[in-house]
Amino acid sequence: MIYENRRSHTLLPRKAKLRDANGTDCRNDKPQPPAYPQGWPTCYIQSGLCDNLPLSRHFYKGRRTDYVDDLKAFENIMNKVYTLSFPEARNAVVSGDIHGDFNLLVYKLCVQYQMKDTVLIVAGDCGFGFEKKEYYEQMARRNAKRMNEANNWIVFVRGNHDNPLYFDGKQFKHKRFIAIPDYSILLACKHTILCVGGGISIDRRYRMEEWKKYCTKNRMCPNTEDKFGKNFYWSDEPPVYNDEMLTLINQKFAIDTVITHTAPDFCELINKNGLHSFAASDENLLKDVEDERTTMTKLYDRLVYDAHPLTHWYYGHFHQSWHSSIEGVLFKMLDIMEFTPINY
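Just so it is clear, the structure is predicted and the values come from calculations on it, not from any experiment.

The rules behind these values
Residues numbered from 1 in each chain as written. Predicted model: local features only at pLDDT ≥ 70, side-chain atom pairs only at ≥ 80, totals over all residues. Heavy atoms only, no water. Helix = DSSP H or I, 4+ residues; strand = E, 2+ residues; numbered from the N terminus. Contact = heavy atoms within 4.5 Å. Areas by Shrake-Rupley, 256 points an atom, 1.4 Å probe, with all protein chains shown as cover. Patch = residues over 30% accessible without salt bridge, like charges linked within 9 Å, V, L, I, M, F, W, Y side chains within 5 Å. Salt bridge = Lys/Arg side-chain N within 4 Å of Asp/Glu carboxyl O. Lys, Arg positive; Asp, Glu negative; His and termini not counted. Charge placed at Lys NZ, Arg CZ, Asp CG, Glu CD. Pairing = 2+ DSSP bridges. Axes fitted to C-alpha atoms, helices over the stretch in contact; angles between N-to-C directions. Expected span 1.5 Å × (residues − 1). Buried < 20%, exposed > 50% of the residue type's maximum accessible area, 1.4 Å probe, protein only. Arc of directions from axis to C-beta.

Caption draft 1: Quick peek at the overall build of the chain. Per the secondary structure count, the chain includes eight helices and 14 strands. Of the contacts made within the chain by residues no fewer than 6 positions apart, 74% connect residues no fewer than 24 positions apart. Counting every atom, the chain has about 17,900 Å² of accessible surface; 48% of that belongs to carbon and sulfur.

This is how it looks when you write it as structure tokens:
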């Protein structure tokens, strides 16, 4: 139960008493912090996400009520929307594709640029899946000391050259490294960042053929049951438009920054180099590439429709640099290993 302290307009604990043992009114006693639901993630409380907890309409009438439905609705959002908060971060940076060069990425972040207290978000094509799973675990352990000393974090967004199974927030999760699912929310440096991965590999036919050759040479079964085993291509690579997630996000978050792997169809590059030559042997390629860009455009239109305060959109995928302000949003394409700060 929640009770209203009419004098201070604050919330008392659900087990707070209105009268003491002698029957004296004790509602004006100093209120205690509200009791958050058991298991409420600490990062939500620290980042202030609980400040605007929706209350039942009965509360505003000054009546005692059970607001379990409101709590369940809020918990439902938090359980479905993967959210990470970085209260210690003083800088937020976005990187273009890295294609498996994890050690170089850490070196550039911590040594070459000497960044500290920084969260770095890789905009896809990280390189997960081209080696066995233990390879990535060893990479994280090998670079842990350097990342700890600099107090940095690296967040990986899914690209088309990544095994999507790594990107659930659990399979690759370390203190300083994490691969996050699509439609994750990052809270860093006073920014609310939406991350959505995925893209189309224009050389997918070539990759599938090369994988078969590799398996034949190494006497492997191409259709291995090890979902985290080494591979060159993953068919569930395209970006996905998720209306349910966007509805949940809109109920609690105000997105000012978007990080994706590919981009809306009104952004460069309009055509990828060599696209038509690959399409000659892949009859569905042109349509799939068009759908990829349309999905991102649909995402943009939804964010605008929901009146999010969107100002910046970062992406990789095309291995070139470009930026342009379109309808009040700065779209920025990042080249391979190109860093750009989120500092507006």
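Caption draft 2: Up close: a negative patch on the surface. There is a patch of like negative charges on the surface, built from Asp265, Glu290, Asp301 and Glu327. Checked against the element boundaries, Glu327 lands in the loop between β12 (322–326) and β13 (329–333).

Caption draft 3: Spatial organisation of the sheet that holds strand β3 (residues 83–86). Read across the sheet, seven strands follow the order β3-β8-β9-β10-β11-β13-β12 without closing on themselves; strand pairing throughout is mixed. Edge positions in the open sheet fall to β3 and β12, since each of these has one partner strand only. Adjacent strand axes in the sheet meet at a mean angle of 20 degrees when their direction is disregarded. One ladder, built from five bridges, connects strand β8 (residues 184–188) with strand β9 (residues 191–196); its direction is antiparallel. In the sheet register, Ile185 faces β9, and the bridge partner there is Leu194.

Caption draft 4: Region of the structure containing helix α5 (residues 204–217). Between its terminal C-alpha atoms α5 stretches 20 Å, which fits the 20 Å expected from 14 residues at 1.5 Å a residue. Along α5, the residues classified as buried are Arg204, Arg207, Trp211 and Cys215. Each buried residue of α5 lies within a common arc of 70 degrees when the element is viewed along its axis, so the set occupies one face. Exposed residues on α5 whose side chains face more than 90 degrees from its buried face are Lys212, Lys213, Thr216 and Lys217. Against α8 (285–305) lie the buried residues of α5. Looking one or two residues beyond α5, the residue adopting positive phi is Arg219, at roughly 55 degrees.

Caption draft 5: The arrangement of the pattern of salt bridges in detail. In this structure the tally under the stated criterion is twelve salt bridges. A salt bridge links Arg141 to Glu134; the shortest N-O distance between them is 2.5 Å. The partner of Arg302 in a salt bridge is Asp306, and the shortest N-O contact between them spans 2.7 Å. We note that Arg302, like Asp306, is buried. Residues joined by salt bridges that share partners form a network here, namely Arg204, Arg205, Asp282 and Asp288.

Caption draft 6: Broad picture of the sheet that holds strand β6 (residues 153–156). Strand order in this open sheet of five strands is β7-β6-β5-β4-β14, and the pairing throughout is mixed. A single partner strand is all that each edge strand has here, and the edge strands are β7 (177–179) and β14 (339–341). In this sheet, adjacent strand axes meet at a mean angle of 20 degrees when their direction is disregarded. Here strand β5 (residues 118–122) runs beside β6; their pairing, made up of four bridges, is parallel. Bridge pairing in β6 links Val119 to Trp153. Set on the sheet, helix α3 (residues 102–112) makes contact with β4 (91–95), β5, β6, β7 and β14; between it and β6 the angle comes to about 140 degrees. Each of β6 and β7 is contacted by helix α4 (residues 133–150), which is oriented at about 130 degrees to β7, the strand it contacts most.

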